[in-house]
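Residues per chain, in single letters:
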Amino acid sequence: PYNRYEANYNSLVREVESKLAETPDGDAMWNVKVSKNDPQRCLGPQSLDPSLRRPRLGSFEILLSWGSSNWSSGGGGRQCVVLFSKLNTLKFPNPPDVIDYLVRVLSGARVTQFELMVRSIPEGLPCAGALIEVHDYSTEEQFYPTSSHTKTDARGLLMLHLPFRKNLTALAKLPAAEGAEAAEGSATFDVHGELSKNICIPLVPSLPDGQVRIVLTWAEFPHEVFLKVKTPEGNIKSPSSGVGDLDIPREILLGQQEHDHSKFEVGPSEGGFGPISVLLTGLVPGRYHIYAHCEAYKIGGRDISWSSSNAELRFYTAEDVTWDGSRSFNCCGREEAGSWWDICFLEVSASGSVSVRSFNELKLEEPGFRDFLLKVVDLDGMLVPGAKVQVQPESSTQVGDFGVSDSQGEVLVRLEHGNYTASAAHEYYMPMSVSIKVDLEPQEGSATIPLVRPDFFHRDSDLCFILSWGGGGSANLHMETPGRSVRVEEEETLPGSDKSMRMIGKNPRSCLLREADEQECPWLSDSASRRTNRALVSAAGSMELWNMQVTVCSKEGILHTFLPTKSSAMIKSATIFWDVCSFGRGGVVPVNNIGGQDPAGGRLVTVRINQAKSDSDLIPSAQVLVKKADESVPLRIFPAPLTPEHPEYTRHNEVRFFCEWGKFEVEVRDDKCHSPLVYSNLLVSNQIQPSVGFCMAAISDLDAKQAFITLSWASSPKDLDLCLCNQDGMISSMRTESRAPSLKNIRYETAIHEGFGPKVISLTQSMSGKFKLYVMNREDNTKIFASNPLVTIVLFNGVWKTFNLDAQSCLDRAADKDEKLCCWHVCDLRIESDSRFSEQSIQCEDVNKILDHEVKFD
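Report on the accompanying structure. Small disclaimer: the values here were computed from a predicted structure and weren't measured.

Rules used in this analysis
- Residues numbered from 1 in each chain as written.
- Predicted model: local features only at pLDDT ≥ 70, side-chain atom pairs only at ≥ 80, totals over all residues.
- Heavy atoms only, no water.
- Helix = DSSP H or I, 4+ residues; strand = E, 2+ residues; numbered from the N terminus.
- Contact = heavy atoms within 4.5 Å.
- Areas by Shrake-Rupley, 256 points an atom, 1.4 Å probe, with all protein chains shown as cover.
- Phe/Tyr/Trp six-rings, centres within 6.5 Å; stacked < 30°, edge-to-face > 60°.
- Buried < 20%, exposed > 50% of the residue type's maximum accessible area, 1.4 Å probe, protein only.
- Core = buried A, V, L, I, M, F, W, Y, C linked by side-chain atoms within 4.5 Å.
- Pairing = 2+ DSSP bridges.
- Polar contact = N/O pair within 3.5 Å; in protein donor to acceptor, adjacent residues only side chain to side chain.
- Salt bridge = Lys/Arg side-chain N within 4 Å of Asp/Glu carboxyl O.
- Axes fitted to C-alpha atoms, helices over the stretch in contact; angles between N-to-C directions.
- 1 Å grid on protein atoms, 1.4 Å probe; cavity = no way out; pocket = protein on both sides within 12 Å on 5 of 7 lines; lining within 4 Å.
- Points joined across faces, edges and corners; volume = space filled by probe spheres on them.
- Nonpolar A, V, L, I, M, F, W, Y, C, P; charged D, E, K, R; others polar.
- Disulfide = S-S within 2.5 Å.
- Arc of directions from axis to C-beta.

## With respect to the overall build of the chain
Helix and strand counts for the chain stand at 4 helices and 58 strands. When contacts within the chain are restricted to residue pairs at least 6 apart in sequence, long-range pairs at least 24 apart make up 66% of them. Counting every atom, the chain has about 39000 Å² of accessible surface; 46% of that belongs to carbon and sulfur.

So this is what it looks like as structure tokens:
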């Protein structure tokens, strides 16, 4: 039948055939066929049986086929049917629109001539007779199986027709010949109109054990290319022709061509393609940084740089090398600008295994550098402007002078990745330095240089411990000084004042330690003692990434520096602990252990002494002696109360000292008070309050008719209740229940409702009766034994009875049962009426039990 659209159809077919003969960039198409279908059948829906299809006016089909039987071992190509309806009026109104659409459909059929160049490693010479295969592994197509037609010529070249694809892989093999071993290599590349139509394939022989070869190849353009490999031994940089014409600082281009375990092998003397090869003859533990640079080649109004060069870097390794990560990198088609191609890190472990950290980025500036902020601060936290700052690489004697700190005490420098020593000097301060590491994030990009004034030290034997770090993280310095205390309260002090035995500042955080006196710390003279001073650090984060340092210095300058070199990456704790060092008679001994468990060897213990009667004319002036339960030599002796001028002073009639974990005995003695008072088996533990109180009654406070019952305890809880009860009622600091005259000669002398107490009940003769003495915690859920309660019964002729709990036994009981344990039944008393208190008129039956309920008198 007559088809009034046939003329339009024939015109369309002719124009499509003409336009598809070439691609938009002028490259010839290969094996594309446009078929005009039989008008008797092509107009019906293809889903119908052919016998049922009928012409439908205004509808046309175009059949496109492409491909070649030698593209894959299975033969055949591809086919696509495109249906157009009413060409002049509806979906595709004119031939140009049809052609644009078909070009997109046929994108997989576009082909071009592509040149493969094969060069040998390490000679860099063309390889004739190399066999070539080309694969698209994403579609499992093989375009050129190995045959006599796919061998390189005498110039090492082979010209092929390849489709426009991404990630094609060319394999090259050179069979073993007389005097030469077999070699093979590969290249992955893209084919499209924006790229050079050539690539270099390196032929690489097998490697001996432990070796790695790094090979860079690219297309004919660009010409000016160099490869740089930063190794733990130093830099390896390939030579580059025309270096003098490049706008690159000379120091960037510097790099040796050989080290003990690495060397440059080959690079093109001129022109493109490559290969550039660097051989690692042995893997040195540490980091290898691989990157490259090219100068864009200008041709035909275009700049040919990395993104259009089909450049590939590939690692070839011996069979025994353990490799984790990619072995090849290609920057083809990357959109970012930059003449520097930052490729990857190789992190080599002590065992020789390799972990690859991939970047594969184009950059405007040379990789491996970072802006680094140095902040100069004194120990009081004051910024130090005008300090001269210098930076010296760890592996070099060359010192860089980076200028003077500004009004904010800061100097911004640009440094190559690596380890450095940054130092600062100022006319009013001692010269100081810190070790810094410059690396990619998460490594901190700043550091603090602490400066110390010479007048900070008062004695030649003073030692200053300084903790400093970069960034905004939180960290703290802890000093363990057995028998002595380091104050940690944040208090303002005048410049130049004595700041020894206290923590100063936030960042830097520092402590000035005085030399211990053997008269005050007798343990120092005990040759059998294994005690030592320790420096510890805690931080809320990975401190090894913070450019953290502990510096130990004296009046003469820096004595020791410590860095947290061990990784905390596997530690799950929110707080990281660093056991820095120990120090004492044997000098300073590094420990440098990082973990998630607090390594503290003990804690500060506070002893406070209170007077029994607040209106007493006599204020205790006691001597305090501390010793470990199983030792005869005291840990610390305080011969008299500390005065405000003493570096360890905290408040009147209070002393603090560091104790290791364990049981201790504290003895308090005052000739003008009833003493000694002894707290035995004081448990130093994280589960027990680190403090204890003593209540001292002046000799003048009591006469023969009186007796004092005293209670003192730790700094927490806020209040404990001292109670005395009999069948007629009870008396306590909280309430009094009395229904009989038997309690009339019992009263509270002192009731301090805050930590340490004391609580004091006085008994006055004549009186008689049976009583129960107990202590209650009515304030919170703290188990009563954890507050170190101490009860004494004092008669006019001295301390008659002393009671305290064995906290370790109580802890063992508390672990077995979930009890409140709020009550301590101290003892039962039997008092006979007499003219005075004596051992005949008052009798005591020890009970010393903890209960989960208040005592009742039965």
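## What to know about the packing of aromatic side chains
In the structure shown here, the tally under the stated rule is 11 aromatic pairs. Summarising the aromatic geometry, the rings of Phe 456 and Phe 457 are spaced 5.8 Å apart at their centres and angled 85 degrees between planes, so their arrangement reads as edge-to-face. Taken as a pair, Phe 456 and Phe 457 share a single burial class, namely buried. Residues Phe 465 and Phe 583 carry aromatic rings whose centres are separated by 4.7 Å and whose planes lie at 35 degrees to one another, so their mutual orientation is tilted.

## Brief notes about the nonpolar core
Ranked by internal contacts, the top residues of the largest apolar core, which has 42 residues, are Leu 216, Leu 227, Ile 290, Trp 306, Leu 313, Phe 315 and Trp 341. Listing elements by their share of this core, those giving two or more residues are β11 (212-217), β12 (224-231), β15 (262-266), β16 (276-280), β17 (286-295), β20 (312-317), β23 (340-348) and β24 (354-363). If you tally residues by element for this core, the top one is β23, at 5 residues. Filtering out sequence-adjacent residues up to four positions away, Leu 313 remains in contact with Ile 214, Val 215, Leu 216, Leu 227, Ile 290, Arg 327, Ser 328, Phe 329, Trp 341 and Ile 343. Ile 688, Ala 707, Ala 807 and Trp 824 belong to the second-largest nonpolar core, a separate cluster that totals 41 residues.

## Details of the sheet that holds β24
Backbone-to-backbone hydrogen bonds join strands into a sheet, with any given pair of strands oriented parallel or antiparallel. Read across the open sheet, the 6 strands follow the order β13-β12-β17-β23-β24-β21; overall the sheet is mixed. Every other strand in the sheet has two partners, leaving β13 (234-237) and β21 (323-324) as the edge strands with one partner each. Looking at chain direction, β21 and β24 are connected through 2 bridges and run parallel. Bridging from a neighbouring strand, Asp 324 pairs with Ser 355 of β24.

## Some thoughts on the side chain of Glu 265
Following the sequence through the fold, Glu 265 ends up in strand β15. Polar contacts involving the side chain of Glu 265 include one to the side chain of Ser 277, which spans 2.5 Å. Aside from chain neighbours lying at most four places away, what touches Glu 265 is Ile 121, Pro 122, Arg 213, Ser 277, Val 278 and Leu 279.

## Side note on the environment of Asp 846
Inspection of the secondary structure puts Asp 846 in strand β58 (residues 842-851). Overall, Asp 846 belongs to the partly exposed group, its relative accessible area being 48%. Sequence-wise, Asp 846 and Val 826 are 20 residues apart; in three dimensions their C-alpha atoms are separated by 6.7 Å.

## Points about unusual backbone geometry
At the junction of Ile 121 and Pro 122, the peptide bond is cis and its omega measures out at 10 degrees in the coordinates. Inspection of the secondary structure puts Pro 122 in the loop between β4 (111-120) and β5 (131-136). The omega torsion of the bond from Gly 757 to Pro 758 falls at 10 degrees, within 30 degrees of zero and hence cis. Within the fold, Pro 758 resides in the loop between β52 (746-751) and β53 (759-764). The residue Asn 547 is not glycine, and still its phi comes out positive at about 55 degrees. Take Asn 547: it is sitting in the loop between β36 (533-539) and β37 (549-554). A relative accessible area of 7% places Asn 547 in the buried class.

## Here we look at the side chain of Asn 592
With respect to the helices and strands, Asn 592 occurs in strand β40 (residues 587-595). Residue class for Asn 592 comes out buried when judged on its relative accessible area of 16%. For Asn 592, the contacting residues outside a window of four places in its chain are Leu 563, Pro 564, Thr 565, Lys 566, Trp 578, Asp 579 and Val 580.

## Here we look at the pattern of salt bridges
Oppositely charged side chains can form a pair if their charged atoms are brought close together. Within this structure, the stated rule accounts for 32 salt bridges. For the salt bridge of Asp 721 with Arg 778, the shortest nitrogen-to-oxygen distance reads 2.8 Å. Remark: Arg 778 occurs in the loop between β54 (769-776) and β55 (790-795) and Asp 721 occurs in strand β49 (residues 721-726); sequence separation between them is 57 residues. Classification of Asp 721 as buried rests on a relative accessible area of 0%. By sharing partners, the salt bridges in this structure join Arg 531, Lys 628, Glu 631 and Glu 660 into a single network.

## Describing the sheet that holds β4
In space, the 7 strands of this open sheet follow the order β6-β5-β8-β9-β10-β4-β7, with mixed pairing throughout. Edge positions in the sheet fall to β6 (141-144) and β7 (157-163), since each of these pairs with one other strand and no more. Each neighbouring strand pair of the sheet contributes to a mean axis angle of 30 degrees, computed without reference to strand direction. Both β4 and β7 contribute to a ladder of 7 bridges, which runs antiparallel. Of the residues in β7, the one forming a bridge with Val 111 is Pro 163.

## Overview of empty space enclosed by the protein
The probe, sized like a water molecule, is rolled over the atoms to show the empty space still left. A full pass over the atoms with the stated rule returns 4 cavities of 30 Å³ or more. Its boundaries defined by the atoms lining it, the largest cavity holds a volume of some 80 Å³. Contributing to the lining of the largest cavity are 13 residues, with Ile 609, Pro 641, Asn 653, Glu 654 and Val 655 lying nearest its centre. Among the elements of the structure, β41 (602-611) and β44 (654-660) are those that each provide at least two residues to the lining of the largest cavity. Grouping the amino acids of the lining of the largest cavity by side-chain chemistry returns 9 nonpolar, 2 polar and 2 charged.

## Looking at the pairing of strand β28 (residues 410-416)
For a regular strand, the rule is simple: side chains alternate between the two faces of the sheet. Only one face of β28 is buried: it carries Val 411, Val 413 and Leu 415, and the other face, with Glu 410, Leu 412, Arg 414 and Glu 416, is open. Looking at chain direction, strand β25 (residues 369-378) and β28 are connected through 7 bridges and run antiparallel. Bridge pairing links Phe 369 to Glu 416 in β28.

## As for the state of the cysteines
Per the counting criterion, the structure on display carries 0 disulfides. Unpaired in terms of disulfides, Cys 294 finds its nearest cysteine sulfur in Cys 331, a separation of 7.8 Å. A relative accessible area of 0% means that Cys 294 is categorised as buried.

## Things to note about helix α4 (residues 807-816)
All buried positions along α4 are accounted for by Ala 807, Cys 810, Leu 811 and Ala 814. Considered in projection along α4, the buried side chains sweep an arc of 105 degrees and stay on one side of the axis. Residues of α4 that are buried in the fold lie against β46 (677-684) and β58. Two or three places before Gln 808, at the start of α4, stands the capping residue Asp 806, its side-chain oxygen 3.2 Å from that residue's backbone nitrogen.

## Quick look at the pairing of β41
Across the 10 residues that make up β41, a large majority, 8, are buried. Both β41 and β44 contribute to a ladder of 7 bridges, which runs antiparallel. Note on β44: the bridge partner recorded for Thr 606 is Arg 656. Summarising the sheet, β41 and strand β47 (residues 691-696) pair through 6 bridges and their orientation is parallel. From the neighbouring strand, Arg 608 faces β47, where its bridge partner is Gly 693.

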